[in-house]
Amino acid sequence: MSRNFQTAGIVLKNNRFGEIHKGVILLSPEHGLLSAVAYGACSAKGKLRSVTNPLCAGTFFLYRDPVKDSIKITDMDCRDFFEGVRSGIVKFFTASVWLEIILKTFGGDAEETFSLLLESLRLLDACTEDSASRFLVQFLWRYLELAGAAPATDVCAGCGETRSENQGLVYYRGASGFFCRECAASSRESVFLSAGALGCLRYSRGLPLEKAAACSPDAASFAALKKAMLFLAEDFAGGPLNSIRTGKGIL
Ligand SMILES: [Zn+2]
């Protein structure tokens with residue numbers, strides 16, 4: 001890789017260091033998670049000030065310092081600010097869950113993860129607050145599928161029995177799969193996924209994200225589905241996610 005290079009990217013996180021500098025973690029389709037430094041980005045006049053905040057997406061111009069073994073952001077052409085995501089509290093917390101789970105668990109295909117995140121953010125940006133949770137569910141399920149961590153929707157992970165399309169399954173905290181009611185006997189917190197909820201997961205794979213998000217089981221089934229996805233996300237991350245904890249009652 002040459003010293004100067006550029007990549008598409010989405011800012012996942014940043015932190016201030018020194019008086020006026022910013023450490024930035026971005027997701028790149030070519031390089032996965034990249035840590036870079038935006039010098040002066042916390043000063044009032046810093047040109048990188050607003051474009052290095054979480055959710056900013058565009059082209060990053062970078063310089064690799066072989067001596068310090070660090071990467072510097074020299075410029076950023078921001079294409080998406082996602083104002084619509086920032087201005088809606090449900091949408092903002094939804095996006096925060098996505099950024100945090102990628103930060104904590106990313107290890108798969110960078111290009112696919114980047115595409116999923118960018119497409120999801122664009123749809124979330126344009127949607128209403130009421131429909132944000134549909135994209136929350138779809139993103140998390142697709143992310144888990146990409147990571148190979150999505151439970152099977154048509155067999156019980158306990159007894160291995162194949163389930164028909166009109167039967168539900170149970171997920172409980174810390175479990176690696178969905179279980180039939182007989183196998184799910186556990187004192188841990190659990191959530192029952194109805195046949196309608198499982199159907200939304202089953203058929204989402206072959207559909208474009210926007211269409212899959214329109215899948216609407218009854219309200220109780222959808223609420224359970226969302227709860228199960230948040231459980232799955234935290235179980236996959238190996239612990240609580242700050243965005244889910246602080247977004248409690250909002251998400
Ligand atoms: Zn079973």
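Residues numbered from 1 in each chain as written. Predicted model: local features only at pLDDT ≥ 70, side-chain atom pairs only at ≥ 80, totals over all residues. Heavy atoms only, no water.

### Considering the domain arrangement of the chain
Stage number 1. Here the domain parsing of the chain yields domain 1 (4–80) and domain 2 (84–246).
Stage number 2. On a C-alpha basis, the centroid separation for the pair domain 1 and domain 2 is 30 Å.
Stage number 3. Buried surface at the junction of domain 1 and domain 2, both sides included, amounts to about 1400 Å², of which 80% is carbon and sulfur.
Stage number 4. Inspection of the region where domain 1 meets domain 2 yields one salt bridge.
Stage number 5. Note that Arg122 is salt-bridged to Asp80, the shortest N-O span being 2.8 Å.
Stage number 6. The tally of links from domain 1 across to domain 2 stands at three residue pairs in polar contact (both at pLDDT 80 or more).
Stage number 7. With six residues, the single largest contributor to the side of domain 1 that touches domain 2 is strand S1 (residues 4–17). (Domains from an automatic or database assignment. Buried area = accessible area lost by both parts, 1.4 Å probe. Salt bridge = Lys/Arg side-chain N within 4 Å of Asp/Glu carboxyl O. Polar contact = N/O pair within 3.5 Å; in protein donor to acceptor, adjacent residues only side chain to side chain. Helix = DSSP H or I, 4+ residues; strand = E, 2+ residues; numbered from the N terminus.)

### Section: the nonpolar core
Stage number 1. Counting residues in hydrophobic clusters, the biggest one holds 62 residues, and the most contacted among them are Leu117, Phe139, Leu140, Phe178 and Leu225.
Stage number 2. Counting the residues that make up this core, at least three belong to each of domain 1 (4–80) and domain 2 (84–246).
Stage number 3. Residues Leu26, Ala41, Phe60 and Ile71 belong to the second largest nonpolar core, which totals 17 residues. (Core = buried A, V, L, I, M, F, W, Y, C linked by side-chain atoms within 4.5 Å. Buried < 20%, exposed > 50% of the residue type's maximum accessible area, 1.4 Å probe, protein only.)

### What about the pattern of salt bridges?
Stage number 1. All chains considered together, the criterion is met by eight salt bridges.
Stage number 2. One continuous salt-bridge network, built from bridges that share partners, spans Arg173, Glu234 and Asp235.

### Concerning the state of the cysteines
Stage number 1. Tallying each qualifying case throughout the model produces one disulfide.
Stage number 2. The residue that forms a disulfide with Cys200 is Cys215, at a sulfur-sulfur distance of 2.0 Å. Negative torsions about the S-S bond denote left-handed disulfides, and the value of about -80 degrees found for Cys200 with Cys215 makes this one left-handed. Placement of the pair is Cys200 in helix H5 (residues 195–204) and Cys215 in the loop between helix H6 (209–213) and helix H7 (219–237), with a sequence separation of 15 residues.
Stage number 3. Classification of Cys215 as partly exposed rests on a relative accessible area of 28%. (Disulfide = S-S within 2.5 Å.)

### Comments concerning unusual backbone geometry
Stage number 1. Unlike most non-glycine residues, Leu55 shows phi in positive territory, near 90 degrees.
Stage number 2. Looking at where Leu55 falls in the secondary structure, it is placed in the loop between strand S3 (32–38) and strand S4 (57–65).
Stage number 3. On the accessibility criterion, Leu55 (3% relative accessible area) is buried.
Stage number 4. Despite not being glycine, Asp69 has its phi angle at roughly 55 degrees, a positive value.
Stage number 5. Tracing the chain through its elements places Asp69 in the loop between S4 and strand S5 (70–80).
Stage number 6. For Asp69, a relative accessible area of 62% gives the class exposed.

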